Amino acid sequence: MTAAPAKVAVLASGRGSNLAALLDARERDDLPVEFVLVGSDKAGAGALRLAEAANIPTLALDPRSYPDRRAFDLDLFQRIAASGADWLVLAGFMRILDGEALRPWVGRIINIHPSLLPKYRGLHTHRRALEAGDREHGASVHFVTAELDGGPVIAQAYLPIEAGDDEQSLAQRLLPLEHRLLPAVLGLLASGRLRWDGSPRFDDQPLAAPLRLGEHGLQP
């Protein structure tokens, strides 16, 4: 009997390019998952329109209608749980999450971040890499904990910084790698090759170092 596909919820605050990459991978049969919810803190987010076009249930909650961040997060995560999601993907969700709301989901949430973590947690990562004179930049997918961009890193994509790069060009060149990296990691989770046992494990072995995105996918 074929196992049922993993159920996935996605949170995004923006146009949804990483969500689009996930949906494309599913359509190519590269990602055996079922998307059960796409949520946002912005009713006008492009990610919600992508989800609607794909007949995926959507949710938009306004943080300003809650007394504080904790109340918003608790309600958000209660609704995600009600969707039946096995996994939650943060795909450009631009909020810091409350630790209490997050706790039951640790090990089941991943986030994509545009830097080679632990470098440049938070915002303006491309600018900070350029200002530091770095020779390479990249993106990371990590398990989410209450520490901002601080959970264990699962996989990374590397990009050489070229002479003449500015913040915009660097971001544009990195985006296609992000669009390969996130579906690849979610596919490992959905297949069971990657799991959380208090820390990441890959093929039943502790993940000693982040996987690296190469021409043929993720490699140790």
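Coordinates for the structure precede this section.
Now for a description of the structure that goes with this document. (Residues numbered from 1 in each chain as written. Predicted model: local features only at pLDDT ≥ 70, side-chain atom pairs only at ≥ 80, totals over all residues. Heavy atoms only, no water.)

A few words now on the nonpolar core. Among the nonpolar cores identified, the biggest contains 47 residues, and V10, F35, V89, I110, I154, L181 and V185 are the most heavily contacted of them. The element contributing the most residues to this core is helix α6 (residues 167-191), with 9 residues. Other than its neighbours up to four places away in sequence, V89 contacts V8, A9, V10, L11, L22, I110, L182 and L186. The next biggest cluster of nonpolar side chains, apart from the first, holds 21 residues, and it includes L11, A85, F93 and W105. (Core = buried A, V, L, I, M, F, W, Y, C linked by side-chain atoms within 4.5 Å. Buried < 20%, exposed > 50% of the residue type's maximum accessible area, 1.4 Å probe, protein only. Helix = DSSP H or I, 4+ residues; strand = E, 2+ residues; numbered from the N terminus. Contact = heavy atoms within 4.5 Å.)

One open sheet holds the 3 strands; their spatial order is β8-β9-β10, and the pairing between them is antiparallel. Each edge of the open sheet is held by one strand with a lone partner, namely β8 (194-196) and β10 (205-206). Pairing of strand β9 (residues 200-202) with β10, which is carried by 2 bridges, proceeds in the antiparallel orientation. By the bridge assignment, F202 is partnered in β10 with Q205. (Pairing = 2+ DSSP bridges.)

One way to see where empty space is left: roll a probe the size of a water molecule over the atoms. The calculated volume of the largest pocket comes to roughly 930 Å³. Every residue lining the largest pocket is counted, 36 residues in all, and those nearest its centre are G92, F93, M94, I112 and P114. Elements supplying a minimum of two residues to the lining of the largest pocket: α1 (17-27), β5 (109-113), α5 (125-131) and α6. Element by element, the count of residues in the lining of the largest pocket is highest for α6, at 4 residues. Residue composition of the lining of the largest pocket, grouped by class: 16 nonpolar, 14 polar and 6 charged. The volume enclosed by the second largest pocket comes to roughly 220 Å³. Secondary structure elements with two or more residues in the lining of the second largest pocket: α1 and α6. Counting residues per element, the lining of the second largest pocket draws most heavily on α6, which supplies 5 residues. Counted by class, the lining of the second largest pocket contains 5 nonpolar, 3 polar and 4 charged residues. (1 Å grid on protein atoms, 1.4 Å probe; cavity = no way out; pocket = protein on both sides within 12 Å on 5 of 7 lines; lining within 4 Å. Points joined across faces, edges and corners; volume = space filled by probe spheres on them. Nonpolar A, V, L, I, M, F, W, Y, C, P; charged D, E, K, R; others polar.)

In this section: unusual backbone geometry. In this chain, L117 is followed by P118 through a cis amide linkage whose omega measures 15°. Mapped onto the secondary structure, P118 falls in the loop between β5 and α5. The phi dihedral of Y120 is positive, around 60°, even though this residue is not glycine. Within the element layout of this structure, Y120 appears in the loop between β5 and α5. For Y120, a relative accessible area of 16% gives the class buried. Here D149, not a glycine, exhibits a phi torsion of approximately 50°, which is positive.

Where α1 meets α6, the axes come as close as 9 Å, and the angle between the chain directions of the two elements is 55°. Our classification of the angle between α1 and α6 gives oblique. Every pair of crossing elements has a handedness; the one defined by α1 and α6 is right-handed. Between α1, through S17, N18, A21, L22 and A25, and α6, the contact on the second element is made entirely by L175, E178, H179, L182, P183 and L186. (Axes fitted to C-alpha atoms, helices over the stretch in contact; angles between N-to-C directions. Parallel < 35°, antiparallel > 145°, perpendicular 65-115°, else oblique. Left-handed = near helix turned anticlockwise from the far one by under 90°.)

Along the chain, the position of A85 falls in the loop between α3 (69-82) and β4 (87-90). Judged by its relative accessible area of 6%, A85 falls in the buried class. It is 38 Å that separates the C-alpha atoms of A85 and I161, two residues lying 76 residues apart in sequence. Discounting residues that sit within four places of it in the chain, A85 has contacts with K7, V8, A9, V36, I80, W105 and R108.

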